[in-house]
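# Fold and contact review
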Amino acid sequence: MQTQTLGVNTTAYKMARYHSKTTVLQNDWDQVASAVWQRYPNPHSKHVLSEDVISRKVEDNKLHSFRLLTKTNHLPKWGERFLPSGTPRFASVVEESVVDPVAKTFTTFTWNLNFTRIMNVREKVVYSVSPENNGWTQVHREAWVSSSMYGFIRAIQHFGVDRYKKNSEKANLGLQLVLGRLFNKGQEVSSEQKPVEKKILLKEKAKVAKEAAIQVAQQKAQQKQGTLM
Amino acid sequence: MNSVGSECNDMKRDYDQCFNKWFSEKFLKGDRADEACTPLFKKYQSCVKKAMKEKDINVEDVERTILGTNSEPQKPPSAKPSSEESTSTSGTS
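Going along each chain's sequence as written, the residues are numbered from 1 onward. The lettering of chains begins at A and the numbering of ligands begins at 1, in the order of writing. Totals for whole chains, interfaces and linings use all residues, but because this is a predicted model, local features are given only for residues with pLDDT of at least 70 and pairs of side-chain atoms are given and counted only at 80 or more. With hydrogens and water stripped out, all remaining heavy atoms of the structure feed into the side-chain values.

Let me state the cut-off plainly: UniProt positions are given in the numbering used here, feature names are shortened, and annotations may be inferred rather than shown by experiment.
Chain B has the name TP53-regulated inhibitor of apoptosis 1-like isoform X1 in an unreviewed UniProt entry, where Branchiostoma floridae is given as its organism. Its UniProt record gives chain B the following Catalytic activity (unreviewed entry) comment, quoted word for word: "a 1,2-diacyl-sn-glycero-3-phosphate(in) = a 1,2-diacyl-sn-glycero-3-phosphate(out)".

As named in an unreviewed UniProt entry, chain A is PRELI domain-containing protein 1, mitochondrial-like isoform X1, taken from Branchiostoma floridae.

### Examining the side chain of N112 of chain A
All names here are of chain A. The line we're drawing: Only DSSP runs of H or I covering at least 4 residues are called helices, and only runs of E covering at least 2 are called strands; the numbering of each starts at the N terminus. We call two N or O atoms a polar contact when they sit within 3.5 Å, provided that within protein one can donate a hydrogen and the other can accept it, with sequence-adjacent residues counted only if both atoms are side-chain atoms. Residue contacts are counted whenever heavy atoms from the two residues lie within 4.5 Å of one another.
Tracing the sequence through the fold places N112 in strand 5 (residues 105-112). Within the local environment of N112, its side chain forms a polar contact with the backbone oxygen of N114, the two atoms lying 2.9 Å apart. Within the structure, N112 has its side chain in polar contact with the backbone nitrogen of V121 (distance 2.9 Å). When near neighbours in sequence (up to four residues on either side) are disregarded, N112 contacts S92, V93, M119, N120 and V121.

### With respect to the confidence of the model for chain A
Residue and element names in this part refer to chain A. Going by this rule: Residue-level confidence of the predictor is what pLDDT reports, using numbers from 0 through 100.
On average, residues of chain A score 79 in pLDDT, and 69% of them reach the 70 mark or higher. Under a pLDDT of 50 for its full length, residues 1-13 has, in the predicted model, 11 contacts with residues more than four places off or in other chains. pLDDT under 50 marks residues 188-198. Its contacts with residues more than four places away, or in other chains, come to 9 contacts.

### Some details on the state of the cysteines
All names here are of chain B. The line we're drawing: The definition used for a disulfide is geometric: two cysteine sulfur atoms within 2.5 Å. Only protein chains enter the calculation, and the probe is 1.4 Å; a residue is then buried if its accessible area is under 20% of its type maximum, exposed if over 50%, and partly exposed in between.
Tallying each qualifying case throughout the model produces 2 disulfides over all chains. Disulfide pairing places C8 opposite C47 at an S-S distance of 2.2 Å. Measuring handedness by torsion sign, the sulfur bridge of C8 and C47 sits at about -90° and is left-handed. Here the residue C8 occupies a position in the segment before helix 1 (9-25), and C47 occupies one in helix 2 (residues 38-54), the gap between them amounting to 39 residues. The pair C8 / C47 is uniform in exposure class, with both members buried. With a sulfur-sulfur separation of 2.1 Å, C18 is cross-linked through a disulfide to C37. Judged by the torsion about the S-S bond (-90°), the C18/C37 disulfide is left-handed. Residue C18 is located in helix 1, and its partner C37 is located in the loop between helix 1 and helix 2; the two are separated by 19 residues in the primary sequence.

See below:
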């Protein structure tokens, strides 16, 4: 029996749901690389509670870092049964990264340290020079979501991918805001903005307003239901 | 941004400031000597490692190299070209 259970878990772990998306930022790679380190806090990163550098070294002209992030970890109501009482209120997330200033690539690999049996989310992001315009930066995000909760794997993966998509959208928006703050000072009041940037800003403002409304609604709902983690 | 241990916040801020300046003004410009922020880093490190211990987070667990190793997950063969958004279920190892 033990062998059978082990077999199921291994298969479940291997059967990850995969998601990928590429976006383009209209800042050069050097600016984006600097902003990635400074992306927290931003108005879209409310779920990120802390950020620490655990180790860092330059090897073969590349900068290698390990960082520890803690994030809130809200699960849907049906997910509560998987958590023993007394589990920590936050998810610990590891971010390994390599910056290659010659090839101009910044690669991060992020994975959750706890709750891995319930849901394991691994993300690889590569920031590189856009092939369309060398003054722009391409952001390629890939994610693998898996679970070992036999019987709930599909549901958890579905929830995980959905949440991942929302969070990666927030990550892109947050990074754009930080880029604006660091390098495009006064952009929001400038009358010489390019139309495409204006459009993004308007969209951004609308999104912030919408999110604020959603947050209020969610807070109300959570107060009623009681929040998990 | 806050540290996992609130008592480390000031040390983290000082180190971050030093690092961000070094990263954009030295490292990206070709100067790879990395000792400029070491004293600040050491001070901050001893604080944060103590805070992690108190929160039961193991430092060795964090420093696991995945990138460039066999543990790095691969794109499933069924996924669409990388320029498109894609979601699929496939085996990874």
